[in-house]
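Here are the chains, one letter per residue:
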Amino acid sequence: MDMINARTPEAVAERLRDGMAGGVLSFPLTSFRDNGDLDPDSYRTYLGTQVAAGPGAVFPACGTGEFGALDEDEYRSVVTTAVEVAAGRMPVVAGIGYGWAQARRFARIAEDAGADALLVLPHYLVTAPEHGLVEQLRRVADGTRLPLIAYQRDQVSFTAAGLRRIAEIPAVIGLKDGRSDLDRLQRLTLAAPEGFLFFNGAATAEIQARAYATVGVPAYSSAVHAFAPEIARAFFTALTAADDDAVDQLLREFYVPLVELRDRVPGYAVSLVKAAARLRGLPVGPVRAPLTDPGSDDLADLAKVLDAGLDLVAAARRLA
């Protein structure tokens, strides 16, 4: 299959569907130096560990990757590196955002870099009526040849009627949901055309993974994969095997304490993940302002939570 045909909406949707069935979706961190500069070499090294863990797809320069903190040259470097490291083994879906005009600029960069698809992050600042949200996606689609995945959270929310309208845009192949309104999400899955992709994009998606699966959305992104892919894989394996005891243990002893720690400070959904990666010796560096790195007390608590998760995985491996 040539490169153009491999990036058609139908082909990309099929590859993503296969990937979602076999693993979590990786949303890698972006590596910065202590002075705040992008660190391309460290990012390449870090991304290699993510890809080697075998996720279903890689989503560079999205929320966990601090898309909003990147300029266009940095964005180009991040997406290009992701494509090179993935080397065709899994789809690469780059984040784009802001208003549609700026989103198109990032889309062109990602397209030139060789990305397979684009995740359209929520637009900046303002709320908007649903027909405006549909038009935003339509305008972005008109400016790129790549397939699009819509992302609903915060100021972006679709009704069943709106979902049908965005699904009529040929480039739009799926929806990432970060609102966790399962009543509404069930209505969306029932309204969607056959083959339309959905995945759980809650801040710590594993907490709600079983609930999402009950409304037909078993696939999910994993922030934990960004720093402990072995824990993320153990949870995914237990979940897909319907091993409720293992799922409950991981939730009780690792994921719930992690979420309680995450909820202490705004922005910890990213900065705590990055801190955990540093605790593992991964070369990701600090977050960029306005995010802040955790203080010593939170870091100590994070180390305990991380050790508990890693101990669970090690114990399970000894018993296998």
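Within every chain, residues take consecutive numbers counted from 1 along the sequence as written. It should be noted that, the model being predicted, local features are given only for residues of pLDDT at least 70 and side-chain atom pairs only at 80 or more, the latter also being counted only at that level, while totals for whole chains, interfaces and linings use all residues. Processing note: side-chain calculations cover all non-hydrogen atoms of the structure and skip hydrogens and water entirely.

Novice: Tell me about the packing of helix α10 (residues 229–240) against helix α13 (residues 296–319), residues and numbers included.
Specialist: Axis angles are defined between N-to-C directions and span 0 to 180 degrees, where every axis is a line fitted to C-alpha atoms and, for a helix, only to the segment in contact. Every helix listed is a DSSP run of H or I at least four residues long, and every strand listed is a run of E at least two residues long, numbered separately from the N terminus. At a minimum axis separation of 10 Å, α10 and α13 run at an interaxial angle of 55°. Here α10 is positioned oblique relative to α13, judged by the angle of their axes. Crossing of α10 against α13: the hand is left-handed. In contact with Glu230, Ile231 and Ala234 of α10, α13 contributes Leu306, Gly309, Leu310, Val313 and Arg317. Of the residues in the contact of α10 with α13, the class split is five nonpolar, one polar and two charged. We call two directions roughly parallel when the angle between them is under 35 degrees, roughly antiparallel when it is over 145, roughly perpendicular when it lies between 65 and 115, and oblique otherwise. We call a crossing left-handed when the near helix sits turned anticlockwise from the far one by less than a right angle, and right-handed when that turn is clockwise. Any pair of residues with heavy atoms lying within 4.5 Å of one another is described as a contacting pair. Each residue is assigned to one of three groups, with Ala, Val, Leu, Ile, Met, Phe, Trp, Tyr, Cys and Pro labelled nonpolar, Asp, Glu, Lys and Arg labelled charged, and all others, Gly among them, labelled polar.

Novice: Residues and numbers for the packing of aromatic side chains, please.
Specialist: For this analysis, a ring pair means two rings from Phe, Tyr or Trp (six-membered ring only for Trp) whose centres lie within 6.5 Å, classed as stacked if their planes differ by under 30 degrees, edge-to-face if by over 60, and tilted for the remaining angles. Evaluation of the coordinates by the stated rule reveals 12 aromatic pairs. Consider the rings of Tyr98 and Phe106, whose centres lie 6.1 Å apart with planes at 40°: the pair is tilted. Using a relative accessible area of 27% as the deciding quantity, one classes Tyr98 as partly exposed. Under the scheme applied here, a residue whose accessible area is under 20% of the maximum for its type counts as buried, over 50% as exposed, and between as partly exposed, the area being computed with a 1.4 Å probe on protein chains only. On the basis of relative accessible area, Phe106 is assigned to the buried category, the value being 2%.

Novice: Break down the sheet that holds strand β2 (residues 57–58) for me, citing the residues and quoting the values.
Specialist: Any two strands are treated as partners once DSSP identifies two or more bridges connecting them. As summarised here, the arrangement of the three strands in space is β2-β1-β8, forming an open sheet in which the pairing is parallel. Edge positions in the sheet fall to β2 and β8 (221–222), since each of these pairs with one other strand and no more. The pairing of strand β1 (residues 25–26) with β2 spans two bridges and is classified as parallel. Within β2, the residue paired with Leu25 across the bridge is Ala57.

Novice: Mind laying out a nonpolar patch on the surface, listing which residues take part and the relevant values?
Specialist: Like-charged residues within 9 Å of one another, or nonpolar side chains (Val, Leu, Ile, Met, Phe, Trp, Tyr) within 5 Å, are grouped into patches, provided each residue has over 30% relative accessible area and no salt bridge. Accessibility throughout is a Shrake-Rupley quantity obtained with a 1.4 Å probe, and a residue counts as covered only by protein chains that appear here. The term salt bridge refers to a side-chain nitrogen of Lys or Arg lying within 4 Å of a carboxyl oxygen of Asp or Glu. Together, Tyr124, Leu125 and Val126 make up an exposed nonpolar region whose accessible area comes to about 360 Å². Among the structural elements, Tyr124 can be located in the loop between β4 (117–120) and α6 (130–142).

Novice: Please provide a residue-by-residue account of unusual backbone geometry, values included.
Specialist: A cis amide bond links Ala289 with the next residue in sequence, Pro290, at an omega value of 15°. Tracing the backbone shows Pro290 in the loop between α12 (268–279) and α13. Its identity is not glycine, yet Asp154 carries a phi of approximately 50°, on the positive side. Relative to the assigned elements, Asp154 resides in the loop between β5 (148–152) and α7 (160–167). Among the residues examined, Asp154 registers a relative accessible area of 55% and is labelled exposed.

Novice: Quick one: what's the story with the nonpolar core, residue by residue and with numbers?
Specialist: Phe59, Tyr75, Ile96, Leu119 and Phe158 are the most contacted members of the largest nonpolar core, which totals 72 residues. Discounting residues that sit within four places of it in the chain, Leu119 has contacts with Phe27, Phe59, Cys62, Val93, Ala94, Gly95, Ile96, Ile149, Ala150, Tyr151 and Lys176. Val224, Ile231, Leu272 and Ala276 belong to the second-largest nonpolar core, a separate cluster that totals 37 residues. What makes a nonpolar core is a set of buried Ala, Val, Leu, Ile, Met, Phe, Trp, Tyr and Cys residues whose side-chain atoms join them at distances within 4.5 Å.

Novice: Talk me through the sheet that holds β5; I want residue IDs and the actual numbers.
Specialist: Taken together, the five strands give an open sheet; going across it, the order is β3-β4-β5-β6-β7, and neighbouring strands pair in parallel fashion. Of all the strands in the sheet, just β3 (93–96) and β7 (197–200) have a single pairing partner and so form its edges. Direction aside, neighbouring strands of the sheet carry axes that sit 25° apart on average.

Novice: Would you mind going over the side chain of Lys176 in detail, with residue names and values included?
Specialist: Tracing the chain through its elements places Lys176 in strand β6 (residues 172–177). In contact with Lys176, not counting residues within four places along its chain, are Phe27, Leu119, Ile149, Ala150, Tyr151, Gln152, Phe199, Gly201 and Ser221.

Novice: Go over helix α11 (residues 244–262) with me, naming the residues and quoting the values.
Specialist: In α11, a bend of some 45° at Leu251 exceeds every other bend along the element. Contacts made by the buried residues of α11 are with α9 (209–214), α10, α12 and α13. Bend, at a single residue, is the angle you get between axes fitted to the 7 residues ending at that residue and the 7 residues starting at it.

Such coordinate-based values are descriptive only and should not be taken to indicate function.
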